[in-house]
Each structure stands twice: as C-alpha cells, then as structure tokens.
Number of protein chains: 4
Amino acid sequence: MIITMKKDAPESEIQAIIGNLTDMGLKVTVIQGSDYNVFGVVGDTTRVDEKIIAANPHVDHVSRVAAPFKKANRLFHPQDTIVDVGGVKIGGKEKVVIMAGPCSIEGEEPTQAIAKAVKEAGARLLRGGAYKPRTSPYAFQGLGTEGIQCMVKAKEVFGLPIVSELMSENKLAEFEEYVDLIQVGARNMQNFELLNALGKSSKPVLLKRGLSNTMEEWIMAAEYIMAGGNENVIMCERGIRTFEKYTRNTLDLSVIPIIKTKTHLPIVIDPSHATGDSKLVESMSLAAIAAGADGLIIETHNNPKCAWSDGAQCVTPEELKELIEKGRKIAQVIGRDI
Amino acid sequence: MIITMKKDAPESEIQAIIGNLTDMGLKVTVIQGSDYNVFGVVGDTTRVDEKIIAANPHVDHVSRVAAPFKKANRLFHPQDTIVDVGGVKIGGKEKVVIMAGPCSIEGEEPTQAIAKAVKEAGARLLRGGAYKPRTSPYAFQGLGTEGIQCMVKAKEVFGLPIVSELMSENKLAEFEEYVDLIQVGARNMQNFELLNALGKSSKPVLLKRGLSNTMEEWIMAAEYIMAGGNENVIMCERGIRTFEKYTRNTLDLSVIPIIKTKTHLPIVIDPSHATGDSKLVESMSLAAIAAGADGLIIETHNNPKCAWSDGAQCVTPEELKELIEKGRKIAQVIGRDI
Amino acid sequence: MIITMKKDAPESEIQAIIGNLTDMGLKVTVIQGSDYNVFGVVGDTTRVDEKIIAANPHVDHVSRVAAPFKKANRLFHPQDTIVDVGGVKIGGKEKVVIMAGPCSIEGEEPTQAIAKAVKEAGARLLRGGAYKPRTSPYAFQGLGTEGIQCMVKAKEVFGLPIVSELMSENKLAEFEEYVDLIQVGARNMQNFELLNALGKSSKPVLLKRGLSNTMEEWIMAAEYIMAGGNENVIMCERGIRTFEKYTRNTLDLSVIPIIKTKTHLPIVIDPSHATGDSKLVESMSLAAIAAGADGLIIETHNNPKCAWSDGAQCVTPEELKELIEKGRKIAQVIGRDI
Amino acid sequence: MIITMKKDAPESEIQAIIGNLTDMGLKVTVIQGSDYNVFGVVGDTTRVDEKIIAANPHVDHVSRVAAPFKKANRLFHPQDTIVDVGGVKIGGKEKVVIMAGPCSIEGEEPTQAIAKAVKEAGARLLRGGAYKPRTSPYAFQGLGTEGIQCMVKAKEVFGLPIVSELMSENKLAEFEEYVDLIQVGARNMQNFELLNALGKSSKPVLLKRGLSNTMEEWIMAAEYIMAGGNENVIMCERGIRTFEKYTRNTLDLSVIPIIKTKTHLPIVIDPSHATGDSKLVESMSLAAIAAGADGLIIETHNNPKCAWSDGAQCVTPEELKELIEKGRKIAQVIGRDI
C-alpha cells in the first residue's frame, strides 16, 4: 500500500499514521519527495481500510500494490480450480462446457422438448429461468417453483444438470435441493446478503458480472462467497454497459485471459445477453472459445419468435449444433475440446 | 409503439403480428416506406413485451413512444407528490430537507453527539448506516440492530426522524418498526425481491439510483414499489459510474429537472457518495439546491479523520452549518427555503 | 423517420411541419394515439435534420428508421468491398492480413530488422508510427519525415506495403507519395477537415474507431471519406473507453459481425492498443479471427523492454509467428486463411 | 513515481532499472514487500515515460504520485489566471461572464438581431458557429468566412467580443485576425497539431473537454497550448458521454471545484450542448453558477424552432434574460456577480 502525504503535513500527523500502521503489524518506509512524502506499507494490508487513511486531510492519495482478494487470488493458489456440476467438470483443461436452454421456462412439455434438442446439439447443462428479474413490474416474472420442477423433470429424462438464477436468499433451500449450479444474476452481483448466504451453500455458483462492475469488484464478489466457505465459484461475463447502441451490452472478452491470470476460477461467457441479438451469438461464441473460455451459456429455443422473453437473442437448436461443431474445431486448435 | 419491419417480410408474418396486436385491443396503422414498412401501435402498450416482437426475424426494430411507467408518470398525475417522513414534508414547494449523519453508526454516544450537532446545524433528518454494503468481505459491515437502536435513542432525545439503508427483505420488519425513511442502496436498485417487499410496506422509501442505471430504469424501480401499493417514493441521485478518475462517481444533476418533468416524485441529491471527497460537497450541494433539489443527504462526522468508513467524504457539523446557510439563500432565489 | 408530437400541439403547428416535409418530397402518415400523435415520414430522409424538427416545442421526440449513411450501407451495396493496399487484398473472403511493426519508428537499422522479422513471421504489411499523437507535450512525438523514410527503405528491401498514421491534412502530400495505407487515429476520427481531405485522396484509409464513438458515428466518419469520392475505407476497432481498469480499453469484438452486416467495408482489429498489454494480444487476436476479422494490426518489437513508446503492449516476432500459426488454423475453421 | 516489481525479478533487471533512473537525475528508494518490491522515484518525473518502464516483463505496475502537468498546475502557480478577452475579464473573482448566440451563424441580419438581443439580456460575449463539425457529411457545415464576417459586423455595432470554433490550423490566420476567443471543440480536444498551432497564437483559447476525456487528459491538452507559449487558456465543460439516454450528454459540474484546485485556469460551463434540451438550460446554468463557474456559454436564438442547427437546445433572449437575473442573485450568495 502506498500513501502519498502532502508536503506540509505536520510531523505529529505523520507519526500518528505511522504509529497506527505499525500497531497493525505493518512495516512502513518513508520516501521524501520534492512536493510530496510517500510511505510504502508492507505486510497483510487486506484488512487496512484505505478510505479511513484517505480521510486524513493531509493525505493526498492512497493506492494498493497487492490485490484486495486472497481466496480467489492465483498468487496464493496457482493450480486451476475445476468445478464439478452434477458430474460435469468445468475449468482447467477440461472440455469447454455448453449450457443451453430458454430464457424463461414455459411449461413441462416445452422444457422436455428443448432439453432433448440441446442435448442432441451437444449441450451438457440445461439452463432455464424460473425466477426472472424484469425491469418492468408489468412483465412476466417467471413460473417460479413450477418452472424449477419442469427442469427437474427434464433432468430425470435427459440427465442434464440444471443451472438457474436465484434472486433471493429466501429461495436458497429450494435451489439447494433441485438446482445443480446456482446463478447469481448481473443485477445481484453486489447483493451482499445473497452472496453471504451462498458462501454457506454446498452448491456451485455461477457468478455473473454486474453490468458496470470492474473485474476487481467482480472478483471481490467471488471472494465474498469463498470467504464464507464455498470455493466452487464460476465467473460469467455477460456484457457490460457502454454508450454503444447497436448492441444491448458490450461483450468484454479480455476477461478470459485476465480472470485466468488474476484468479484460479473457471470463466464462462454468455454471448446471448451480452449482444441481445441471435445473429451475433455464433461469432461471439467462437471468439470466446478461441480466447480460452471454459464454457458458454447460450439461450436456445425451439421457436425463438414465440419465446416468452428475450426471443431476439435466442438461437435454434440447429444453430446451436452448428456453432458447437465449429467451436469444437477451434477449441482443438488451442489444445482444448468441447 | 413503433415496429419497423424489413421490406421483404412475407405478408403472412405481417398479418400475424397485426392480428396479435389487435387481439390485445390495440390499433395498428401501417406506413409503407421504400426500404422498410413501419407500423404504429396505439393503445395501452405497457403490457406489450417488445422483446417478443423484436424476436421475429422479419422485424428490424421496435421502439416505444409512450413511457413504460404509469404510476410514477407526471402525465397521469400532474400534481407533485409530497412525502411525509415522520412529520417532515419532502417535495413540491416544501422546504429543502437536509438529511445528515455518519456513514456508519459507531455506538450510542457518538450517535447522540452527531445527532445533536447536525440538528443544531439545521438538518431535519438523521442519516446513519447500520447495515453496510461493502465491496470487501473483510471490511467492517456495520453494527446491525445495535446501530439501529443507537439511532432510535438519538431520535428520542433530538426528535430527528431516521433514514437508514435496508439490504434484505428479511430485515424489513425491523425497519418498519424503527426507521422513518427506508433507503434502498444503489447496488440494490434492481433487487426486485426487495422492491416487491417495499411495495407492501407503509413506510416511505428513499430509492437511490444504481451506479449505471438509466433514469428510465430508475423510474421503473420506483414503479415496482408503487405498483405494489406504496406510493411514498423519494428518488435519490448519488452519482453514476463513468471513465473519470478524479471523482469516485460523476454527479448527474440533470436528474433534478428531468425527474420533476417525467414523474411527480421528490428528488434528493447525495453529494457525499457522488464525489467521494468532502472538499467537493459544498459546491455540489449549492448546485443541487440551485437546480431545484427537494433535499440533500450529506455525510457528516464530528471527526472525519477517524470515521469507521468513508471518512474522506464526510464534512464536519461546522461545514454543514455554513453550507446550509449559503444553501438557504440560494433556495430563496428560486422561490424555496431550507 | 418517426416524429412524435405532444397531444396538445395546435393544428397550425402540425400542418406547418407536414407542409415542410411534403415540400421536401417526403410522404407523411399520421397515427392518432391517446397521449401523442405520431407521424411516419417516408422518402430520402438523410437530408432532413432531425434536430431542427426536435426544436419545435410541440415535438416530443424524433427517431430514424433508416440508417443515416448511404455510401457505406450494405443495403445499397450488397457485395463486399475488397481494398487493395499495394497489392495486398483486404476484405471479402481474402486471406486475413496481418499488419505488424513498432509503435514508433526508431531509426533505419531497427526498422530494417523489425521489417525482416515480421515478414518472416507472416505479416504482410509493415506498420510504424512516424507522427505520434501523445497525451503529454513532453513525450516523444515521433521521427516525422525521417520515420516515414525509414519505412520506405524497409519496403524497398522487404516489399511490405506501409501503414502509418496521418495527424494533419498538411502532411497528406507526403503520405500520398510514400504510404500505402493511411491511418486515421482514434483521436482524429471526427477531425472532419482531415476526413474531407482524405475523401479527395487516392490512397486507401484505415479508419480507427474513436475511443468513445458509437459504431454509427464511426460509419458516418467513413461516409465522410466516401462522400468525398474515396471508397477505399477499412474500419479498425482499437478498443473503447469504459470504467474497467485492468485493461487500457475494452476491445469490442461485436463490431466484426455488425460492420459486416451494416456496411460492405473490411474490418481490422488492433488488439495491442485495445488491451495495452502484450500478454492479452494472442488470445484477443485469435478471438478476432474466429469472429471473422479481415485483418489484425499488431505492435511488434524486437526488444519490447526498450521500445520508445508503448512497449508494454508489444509482442516479439517469435510471439507473432506463433500467434499467426494458431490464427491460420482458426481462420480455416471458418472458411478463411491467413 | 511508484514502480511495483514482481518478487521474482532478477537482481540484474532491478539494478538496470535503478541505473536508468539515477542516470536521469532521479532518486530511487526500495521497499521490500512480501509479494512485490516497490521502488519510489523522486525528482522531476514528468519526462519519464511510464510506458517504457511498464514494458519490462518484471514490472507489475507503474503509477505517478505527481501530476503530469506543470504549466497548468496550481501547485506551481497559486494565483488565479484571469484571461482578458477583448476587454472582458474571465476568472478569479471577476464577474461571471455570459457568452450567448446561435449555434450556427445564419446571415448578417439575423446575427445583428441576436447580438442586440443577447447584449440587452446581459451577455458580454457573442458566440456563433461559422465552421461547424457535423456528424453527417450531408448536414449543413456552416457559412465559413461569411459567417465570421457576420459576427465581425455585429461586433462593430454592439461591441461584444466574438467566440467561435476553429476546426483546422489552416484557418488560424483568419481567427487570429477576427475572433477574440478561439474555441477548440470537444472532438478536437486531442487534435495535437491544432493544439500546437494554438500554442504559438496570441489569442486566448476556449478549450472544450472531449466527450469522453478524463479531466487529466483535458488539463494535458491545456498543457500542450501552454507549453507552446500561450497561457491564456479557458477550460469549458460541455458534458461527457455516458449510458444515459434522457440527455444528450451528462453535464459534470464537479469539474468546477476540481479544475480550480488542480489548475489556476478559468472554467466555463456549456449547458446547451451538455443537455441538448433548452428546458434543462436554466436549472443547469444556475447550478453551475452556484458551484463557482467563471462563465457560461449558452445557445440563444430569436426563433429556436427555425434554427439551422441544434434548435432543440436554444433558449430565447427572454429566457436568457430571466436566467441571468436569477443567476446574478445566486452569484452574489457566493461572493461573485454577473
């Protein structure tokens, strides 16, 4: 941690800050500059609150050298974490995992049909929304428990583990019982009560990046879950909010090499929500695989025109199949498979 | 609602869309263009899901003419909503209300001291955090129930109604009993489970804008609470996330005239979180009053250097008093008072 | 074009607007809504200035149905434009073209060395900066004419056509004589005097996207050059500015399918400036190829540690070679080659 | 300057970096951390190119303590710069200066009329566009020299100094002769050739902030002009690009106290371009004055409905007058005047 103090700071203030830091077991080195004095602070600084130091009117600036996360940090955990989702392994050099299914679960029969279709296309997890976060209170909010049960029945027949979004810690018991991979949506990435509850869960978590959260904040959200005891976290990029209007969000594929360098966690890409446009899904999926993604989560529907929500971004099972076939060849170029 | 269809859309698809819309009681007018056909749809379109229409591959684009919100819409509710918070009126031509107090409640004695100081400076509500959303799981998370009780005791002595942040619907009963104005933080602006719970509450809500939410999404979050039956919503701008690095967030004061035009709800400004820097609080507060804000929420601490969190953005009670005195004169220029 | 008028607009204003539009040869259809009246305007609306219409206080909103660009529009020019740069063809189904070389030209000998190295690695154009846009007036500003001549000499030996950045129309004559592909930098994307000058040039232009320009504004910048008579424009994405701090910019690969759909122009990706980090260049390059890019422009240096500028983002010729070999296999998966 | 090196950096690399820096007359202090080694570098670091240091693969991170600007820096120039524009003083404790006039100059007669009207309303400079940067090549590009002459004639009659936008260094001679305050538009803020030319000019410069430039980049653009010898620079905020859709740009008023703290230059606000909506101009103007702005530049037109460009954001002379009257009273609250 680097603390920059104004040149005219009184000696008593300087000594007070140094005293506080050395009391915390940290080592402080002073560098006298021409316009500022700079202090280097060495030791475990994750518990130092830089805002308190910055509050001192004689302090100009505080910055961190070490990352503020530990459990998720590749530096202290060099080997890849491989997460087991109902028998499907995600991360490391495992096969790239395709998760597919509709945005909203629409009933038992359509769920069986889409599960069959995505399995045949090569998907290995079934995605589906039962509880839906919707911007408008007047929009369809999902089938809830009925939707979860539709997926459970499809799993009984086709054997695909289930991934679905949890919107409140009050439904965690239901998800613990029926869902294989619990998704935290972008809008809840910093719902800390929900993250704390998931830290106590035994089920793996798919943690979507908030629509305008930095990668560091996103890793800190994973750190919340891991600090609670649940180390099975999979990161998921779904596009960030920018000024661009031709796409719903801007897909940031640089997260793939960066999450793999800064952390040991798997990284999955959601090209459907990122672009909001089914015509962009194939090219962004292939790009994600080429960049080293551990998985893709792709909205798929038998009849995108009639989907109950987000139809514009759905691909058909036929398009999914073709995408997976091309994706497999690209994965092989970089030493992976699908 | 305007639907733009590609020129080569088959007649059967066009008729199917028109049929669906007229079945919903809407009126459709067709405009034949050279490269596109455009349909104007008239009637109550808030229940039409534009994503389903956009999913049709023959549709190029869908846009709304009417706003997607109704309860919050000034068009259907021309008079200002004035919210009563424990006897303090906010909105319309009422006095500009100053809410002040520490970021984190730190115990009974300091809460009494700061309540006394901000009351003397001219504040009319006591703000304080008992449950704290923190980016790091290793940072201080607030005193919880103990913190709420410290504020209740200060209210007994000084009579200032309390505003504090609720992070989960599971604590709503506690807030209903003890808190006068329930704050929804920026990170929870689209925590729809929380918004739904607040829709059933009898207490007024201070709804902060999410750090990268559009004003329309923010109004839609208010609409969630109002659609549930609770019409006492106060909007609160606390800065948005941009590329700028000299401020923590970018304070968007244009929300003041816009929220007042699009809705009938009061609008409050939080210059402390917006800037993250106590040296910017006075100028941004005066600017907010000049632009017509109905209130300000300002972090205030007797000893900002030692604040348990966010000290860098705290002003002292003396600074608050001076700010209020200047602010009063500015309010009078535009026909208000403090 | 869709014009939304407030319900209480006087009939005389409505008739005045309709009259103005019909005088311009446009056809107007009126749709009576409950809260607004909507006018659909059909015909060549590229010459209608929507700001003038929006200025009318009775007008609520104006939006376009048709894109504001014509020369660049795929709708009116369905076949791919293939640009010939000194004999190297870029676009359509041509081979993916690699442009490589240093950020700043550093002298005759190093330019010869790097030209040799990148040619052997598989690059087909030599990039190099002679005139450098630098944020600080105290930073190295490039060798200027001497730098251009170093590249010309390398071209004489190794035969690679040259791409370099032009910062002012006053140097256009020099570039016309010596440079094969004239680069417009991100900061000059809306330097309209420069774009107008290039519209009169016979040399192809590599048009970088501005750091926070929408794709539509970027296409409109191409339209400036094309409207002037020069149709040899290649689009180049180099990352956009967002809130993220782990990368210098956010690389937006969705431009690849979108530019190919909206326009007929080739699209090239610059992973070096986008990420600012040589460790991210390979994965982002492979992703770009998988998504269908027509070319890559990659900063390459024999000794990145000592580069005169932007060394952090340079790869070595060995890294470039490996990247091209993997990239070739990925290109072949999607029916291209390098 | 703080250099963070990875723990496993070989001693030879460390010594090489230290050697290079000490050769430049800088003093280096080493702090041994547990996971990193940190070097503090003291002296005049404005000429050190951090990118070159960051290029070393053993370096993790480089950050600056001192600001990269000197001429504009308040630290080395504590007193306010007051710029004289044709006899009108801007900055310090001088009166807040109102600059008003049309977006585009439309001819001799309308220019006389608007100059008369804005002078009567209380404006002290006449603004007007003769050379117009337009997103579309098909839009009206301004009257050019004819437009400048219209303003010169209005100045002869009404005595208001002229501010107008220069788009290319090739027109500088014309502006030097006829224009009192040369505006650099947002799109040209980093047109370094133009900035260099203005550094040699004797006329004051109004430097608009680029639509997504940080304040530091903006100050560095001023530094370019000042480093060339022209210290009469006035900063002008005109809104930044964000995700928000209800305003054209987001007006960032925090620039007012920050520019005044970091630099000694005057700061002017443009509420017209920032919001793009005449209905927001008054409230944002009053807010700017309350926050301490040294001037406002406001688009004003006798008949906004018929303005040749940007009519939607024009106020009438009557609205301007009312705004100035309210603004005067607000200025007096904070110890200024208009």
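Just above, that's the structure.
Residues numbered from 1 in each chain as written. Chains lettered and ligands numbered in written order. Predicted model: local features only at pLDDT ≥ 70, side-chain atom pairs only at ≥ 80, totals over all residues. Heavy atoms only, no water.

1. Quick word on the overall build of chain A
Counting its secondary structure elements, chain A contains 11 helices and 14 strands. Principal-axis analysis of the C-alpha atoms places the extent of chain A at approximately 75 × 45 × 40 Å. For chain A, buried positions account for 66% of its 338 residues. A sequence separation of at least 24 residues applies to 68% of the contacts in chain A between residues at least 6 apart. When the accessible area of chain A is evaluated, it comes to approximately 11200 Å², of which 49% is carbon and sulfur surface. The averaged location of the 43 negative side-chain charges in chain A is 3 Å from the averaged location of its 39 positive side-chain charges. (Helix = DSSP H or I, 4+ residues; strand = E, 2+ residues; numbered from the N terminus. Buried < 20%, exposed > 50% of the residue type's maximum accessible area, 1.4 Å probe, protein only. Contact = heavy atoms within 4.5 Å. Areas by Shrake-Rupley, 256 points an atom, 1.4 Å probe, with all protein chains shown as cover. Lys, Arg positive; Asp, Glu negative; His and termini not counted. Charge placed at Lys NZ, Arg CZ, Asp CG, Glu CD.)

2. What to know about the packing of aromatic side chains
For the structure shown, the criterion picks out eight aromatic pairs over all chains. Residues Phe192 of chain B and Tyr224 of chain B carry aromatic rings whose centres are separated by 4.7 Å and whose planes lie at 25 degrees to one another, so their mutual orientation is stacked. Here Tyr224 of chain B lies in helix α7 (residues 215-227) and Phe192 of chain B lies in helix α6 (residues 192-199), a separation of 32 residues in the sequence. Judged by its relative accessible area of 3%, Phe192 of chain B is buried. Classification of Tyr224 of chain B as buried rests on a relative accessible area of 2%. Its end group placed over the ring of Tyr138 of chain B, Lys70 of chain A keeps NZ or CZ at 5.3 Å from the ring centre. (Phe/Tyr/Trp six-rings, centres within 6.5 Å; stacked < 30°, edge-to-face > 60°. Lys NZ or Arg CZ within 6 Å of the ring centre and 35° of its normal.)

3. Re the pairing of strand β2 (residues 27-32) of chain A
Where β2 of chain A and strand β3 (residues 36-42) of chain A come together, six bridges link them in antiparallel fashion. Within β3 of chain A, the residue paired with Lys27 of chain A across the bridge is Val42 of chain A. (Pairing = 2+ DSSP bridges.)

4. With respect to the relation of the copies chain D and chain A
Superposing chain D onto chain A takes a rotation of 180 degrees plus a shift of 0.0 Å along the axis, which leaves an RMSD of 0.0 Å. Here the copies are linked by what is in effect a two-fold axis. Across chain D, the rotation axis passes nearest the C-alpha of Phe243 of chain D, at a separation of 2.4 Å. Interface overlap between copies is the fraction of interface residues in one copy that are interface residues in the other; for chain D against chain A it reaches 100%, indicating a shared surface. (Least-squares fit on C-alpha atoms with pLDDT ≥ 70 in both.)

5. Observations regarding the interface of chain D and chain A
Across the boundary between the two partners, chain D contributes 20 residues, which contact 20 residues of chain A. At the boundary of chain D with chain A, total buried surface from both sides reaches about 1700 Å², with 75% on carbon and sulfur atoms. The tally of links between chain D and chain A comes to zero salt bridges. Summed over the shared surface of chain D and chain A, the number is zero residue pairs in polar contact (both at pLDDT 80 or more). (Buried area = accessible area lost by both parts, 1.4 Å probe. Salt bridge = Lys/Arg side-chain N within 4 Å of Asp/Glu carboxyl O. Polar contact = N/O pair within 3.5 Å; in protein donor to acceptor, adjacent residues only side chain to side chain.)

6. Topic: the interface of chain B and chain A
Interface extent is often summarised as the accessible area lost during association of the parts. The partner chain A presents 49 residues to the 48 residues of chain B that form the contact. Across the interface of chain B and chain A, roughly 4300 Å² is buried in total on both sides, 51% from carbon and sulfur atoms. For the pair chain B and chain A, the number of links is two salt bridges. The residue Glu217 of chain B makes a salt bridge to Arg241 of chain A at a minimum N-O spacing of 2.6 Å. Counting the contacts that link chain B with chain A gives 18 residue pairs in polar contact (both at pLDDT 80 or more). For the side of chain B that touches chain A, the secondary structure elements donating two or more residues are α2 (50-54), α6 and α7 of chain B. Looking at the side of chain B that touches chain A element by element, the count peaks at five residues for α7 of chain B.

7. Some points on the sheet that holds β3 of chain A
Residue and element names in this part refer to chain A. Strand order in the open sheet formed by four strands is β2-β3-β1-β4, with antiparallel pairing between adjacent strands. Looking at the sheet topology across the chains shown, the edges are occupied by β2 and β4 (59-63). Taking each pair of neighbouring strands and ignoring which way they run, the sheet shows an average axis angle of 20 degrees. (Axes fitted to C-alpha atoms, helices over the stretch in contact; angles between N-to-C directions.)

8. Some words on helix α4 (residues 145-158) of chain D
Given a rise of 1.5 Å per residue, 14 residues ought to cover 20 Å, and the 20 Å separating the end C-alpha atoms of α4 of chain D matches this to within 8%. Looking one or two residues beyond α4 of chain D, the residue adopting positive phi is Gly159 of chain D, at roughly 75 degrees. (Expected span 1.5 Å × (residues − 1).)

9. Section: the sheet that holds strand β3 (residues 36-42) of chain C
All names here are of chain C. Taken together, four strands build an open sheet; the order of strands is β2-β3-β1-β4 and the sheet is antiparallel. Edge positions in the sheet fall to β2 (27-32) and β4 (59-63), since each has one partner strand and no second. The mean angle between the axes of side-by-side strands here comes to 20 degrees, regardless of whether they run parallel or antiparallel. Bridge analysis of strand β1 (residues 2-6) against β3 gives five bridges, and the strand direction is antiparallel. Across the sheet, Ile2 pairs through a bridge with Gly40, a residue of β3.

10. Observations concerning the pairing of strand β10 (residues 181-184) of chain C
Residue and element names in this part refer to chain C. Where burial is concerned, the two faces of β10 agree: the one with Leu181 and Gln183 and the one with Ile182 and Val184 are both buried. One ladder, built from three bridges, connects strand β9 (residues 162-165) with β10; its direction is parallel. In the sheet register, Val163 faces β10, and the bridge partner there is Leu181. A crossover links β9 with its parallel partner β10, the connecting element being helix α5 (residues 172-178), and its sense is right-handed. (Right-handed = clockwise from strand over helix to strand, strands pointing away.)

11. Concerning the nonpolar core
Ranked by size, the top nonpolar core spans 312 residues in total, and within it Leu207 of chain A, Leu207 of chain B, Leu207 of chain C together with Leu207 of chain D carry the most contacts. Excluding residues within four positions of it along the chain, Leu207 of chain A makes contact with Val184, Met189, Leu195, Trp218, Ala221, Ala222, Ile225, Val233, Ile234, Met235 and Cys236 of chain A. (Core = buried A, V, L, I, M, F, W, Y, C linked by side-chain atoms within 4.5 Å.)

12. Re the packing of helix α10 (residues 281-290) of chain B against helix α11 (residues 317-333) of chain B
Packed helices, taken two at a time, are described by the angle their axes make and the gap between the axes. Residue and element names in this part refer to chain B. Running from amino to carboxyl end, α10 crosses α11 at an angle of 25 degrees, the nearest separation of the two axes being 9 Å. When the axis of α10 is compared with that of α11, the two are roughly parallel. Classified by chirality, the crossing of α11 by α10 is right-handed. Residues Val281, Glu282, Ser285, Leu286, Ile289 and Ala290 of α10 pack against Glu322, Leu323, Lys326, Gly327, Ile330 and Ala331 of α11. Among the residues forming the contact of α10 with α11, the class breakdown is seven nonpolar, two polar and three charged. (Parallel < 35°, antiparallel > 145°, perpendicular 65-115°, else oblique. Left-handed = near helix turned anticlockwise from the far one by under 90°. Nonpolar A, V, L, I, M, F, W, Y, C, P; charged D, E, K, R; others polar.)

13. So, the side chain of His264 of chain D
Considering the arrangement of structural elements, one finds His264 of chain D in the loop between α8 (255-262) and β13 (267-269). Contact partners of His264 of chain D, with chain neighbours within four places excluded, come to Lys71, Ala72, Asn73, Arg74, His77, Gln79, Asp80, Thr81 and Met226 of chain D.

14. Quick word on the pattern of salt bridges
Once their charged atoms are close, side chains differing in charge can pair, the charge on each being opposite to the other. Residue and element names in this part refer to chain B. Enumeration according to the criterion identifies 68 salt bridges over all chains in this entry. When the shortest N-O distance is used, the salt bridge between Glu120 and Lys116 registers 3.0 Å. Taken together, the positions of Glu120 and Lys116, both in helix α3 (residues 108-121) and four residues apart, correspond to about one turn of that helix. Note on Lys116: relative accessible area 42%, which makes it partly exposed.

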